[in-house]
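Take a look at the letters that make up each chain.
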Amino acid sequence: MDYTVLTIFPELFDAFWAHGIVRRALTQGQVTAGAINIRDYAAGRHKVTDDRPYGGGAGMVMKPEPLAAAIDAAREKSPEAMTVMLTPQGRKFDQAMAGELSREGGLILVCGRYEGVDERICGDQIDLEISIGDYVLTGGEVAAMAVIDAVTRLIPGVLGNADSARQDSFAQDLLEHGHYTRPPSFNNESVPQVLLSGNHSAIEQWRREYSLVKTFLKRPDLLEERSLDETELEILKKWRNDIESIIRSKS
Ligand code: 4GX
C-alpha cells in the first residue's frame, strides 16, 4: 500500500507515521507513505492556497489550481492509486470500506481546509469521497489519519498473528468481549473466574456470550443489521429466560 497525503499541514503526519502499528507497517515495507504540501504547488511569492468565495459569505475556499497540480504530482508518483477526498458529504467510512481500501495498491488522500475546496476539483479528479462521520472537522487531516489507521491494520502481515487472531469469525460486526490482565483483583473487582480456569472451550463460550450481550446492551443497532446463528440465538434466549424469571419472581 502506498499512501500519499495532500495537505497544507504535512507536519501533522510526522508523528503519525512514526508510532505504533503504522510505523511497524512502514518499517516492514508493507506500506510506503508520504505527504505532499499543497502549498508547494501554489503560484506567486506568497504561495496562496485559499481565496474568497464567489457569491460572498463567510470563510475561504481552497483554490483549484494548486490542488489540481498537487493531485497530478501525486498521481505521477503513484499511478495505480485511488484518489480519495475526505469530506462530510462523502460515503460513511466503516470497517467494510476499510477492508475494501486495504486491497488497493495505493491511496491518494486529499485533505481540504477552510470551508471546502472549489467544487470543480470534486468531479473528475476524485475517485471517492469519504466521510468519517456526521460532524465538522477543521480539515481533512484527522479524517485521513483515521482512514489510514483503520486500513493499515487490515493489510496482510501488518498485524502479528497474535493480534489478528482476534478477528475470530464469530466476532464479525459485534463489539469485542471484555479484556482483563493482571492484577487478578483491581478496585475490588475480580477477573472473571473462567478466564483463569484454563478451560479453553469455556473461555471461548464466555467471550462469545460477553460479545453478543455487550453488543445488545450498548449497540443494538449493530444486531439489527446482522444475522444471528443458532448459537447466538440460544445465548440471547437464555438471557431472555433469565430476565423473565426475575420479572416473574418480582411480580
Ligand atoms: N469526514 N471535514 C474537510 C473541508 C472540506 C469540505 C468539503 C472538501 C470538501 C470531514 C468528515 C470533515 C471538514 C474535512 C471540512 N473539504 N472529513 N473539510 N466529517 O468534517 O471527513
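Look up a bit, the structure's there.
Presented here is a report on the structure given in the accompanying data block. Computed from a prediction, not measured in an experiment: that's the story for all the values here.

Taking 1.5 Å as the rise per residue, helix α10 (residues 230–250) with 21 residues should run 30 Å; its terminal C-alpha atoms sit 31 Å apart, in good agreement. Two or three places before T231, at the opening of α10, D229 has a side-chain oxygen 3.1 Å from that residue's backbone nitrogen.

If you walk across this open sheet you meet the 5 strands as β2-β1-β6-β5-β7, and the pairing is parallel. Both edges of this open sheet fall to β2 (32–37) and β7 (128–131), since each of them pairs with a single strand only. Direction aside, the axes of adjacent strands within the sheet are offset by 30 degrees on average. By the bridge criterion, 5 bridges tie strand β5 (residues 82–92) to strand β6 (residues 106–111) in an arrangement that is parallel. Its bridge partner being in β6, M82 is matched across the sheet by L107.

Let us now look at the pairing of β6. Extensive coverage of β6 is indicated by the burial of 6 of its 6 residues. In this sheet, β6 lies alongside strand β1 (residues 2–7) in parallel orientation, the contact comprising 5 bridges. In the strand pairing of β6, T4 is matched with I108. A crossover links β5 with its parallel partner β6, the connecting element being helix α4 (residues 95–102), and its sense is right-handed.

Turning next to the packing of α4 against helix α6 (residues 141–152). In the contact formed by α4 and α6, the axes pass within 8 Å of each other and the chain directions differ by 75 degrees. Taken together, the axis directions place α4 and α6 in an arrangement best described as roughly perpendicular. When α4 is examined against α6, the residues A98, L101 and S102 are found in contact with a partner set consisting of V147, A150 and V151. Broken down by class, the residue content of the contact of α4 with α6 amounts to 5 nonpolar, 1 polar and no charged.

In the structure shown here, the tally under the stated rule is 11 salt bridges. The shortest N-O distance in the salt bridge between E65 and K63 comes to 3.9 Å. Residue class for E65 comes out exposed when judged on its relative accessible area of 51%. Of the charged contacts in the structure, one is a salt bridge between E232 and R208, with a shortest N-O distance of 3.8 Å. Residue E232 is located in helix α10, and its partner R208 is located in helix α8 (residues 200–218); the two are separated by 24 residues in the primary sequence. For the pair formed by E232 and R208, the shared burial category is buried.

We now examine the side chain of S102. Residue position: S102 is located in helix α4. Once you skip the residues sitting within four places of it in the chain, S102 turns out to touch M1, V151, L154 and I155.

Turning our attention to a nonpolar patch on the surface. Together, Y135, L137 and V142 line one region of the surface with nonpolar side chains, adding up to about 270 Å² of accessible area. Within the fold, V142 resides in helix α6. The class of V142 is exposed, set by a relative accessible area of 51%.

Taken together, the side chains of D94, D173, E224 and E225 present a region of like negative charge at the surface. Inspection of the secondary structure puts E225 in the loop between α9 (220–224) and α10.

Contacts to the ligand come from 18 residues, most closely from G116, I132, G133, Y135 and L137. Between Y135 and the ligand, the recorded distance is 2.9 Å, taken from a backbone N or O atom to a nitrogen atom. Computed on the free molecule, the ligand has an accessible area of 460 Å², of which 94% lies beneath the protein chains in the complex. The element contributing the most residues to the shell around the ligand is β5, with 4 residues. Across the shell around the ligand, the residue classes break down as 10 nonpolar, 7 polar and 1 charged.

Calculation notes
Residues numbered from 1 in each chain as written. Predicted model: local features only at pLDDT ≥ 70, side-chain atom pairs only at ≥ 80, totals over all residues. Heavy atoms only, no water. Helix = DSSP H or I, 4+ residues; strand = E, 2+ residues; numbered from the N terminus. Expected span 1.5 Å × (residues − 1). Polar contact = N/O pair within 3.5 Å; in protein donor to acceptor, adjacent residues only side chain to side chain. Pairing = 2+ DSSP bridges. Axes fitted to C-alpha atoms, helices over the stretch in contact; angles between N-to-C directions. Buried < 20%, exposed > 50% of the residue type's maximum accessible area, 1.4 Å probe, protein only. Right-handed = clockwise from strand over helix to strand, strands pointing away. Parallel < 35°, antiparallel > 145°, perpendicular 65-115°, else oblique. Contact = heavy atoms within 4.5 Å. Nonpolar A, V, L, I, M, F, W, Y, C, P; charged D, E, K, R; others polar. Salt bridge = Lys/Arg side-chain N within 4 Å of Asp/Glu carboxyl O. Patch = residues over 30% accessible without salt bridge, like charges linked within 9 Å, V, L, I, M, F, W, Y side chains within 5 Å. Areas by Shrake-Rupley, 256 points an atom, 1.4 Å probe, with all protein chains shown as cover. Lys, Arg positive; Asp, Glu negative; His and termini not counted. Charge placed at Lys NZ, Arg CZ, Asp CG, Glu CD. Near = heavy atom within 4 Å.

Distances and angles like these do not, on their own, reveal function.
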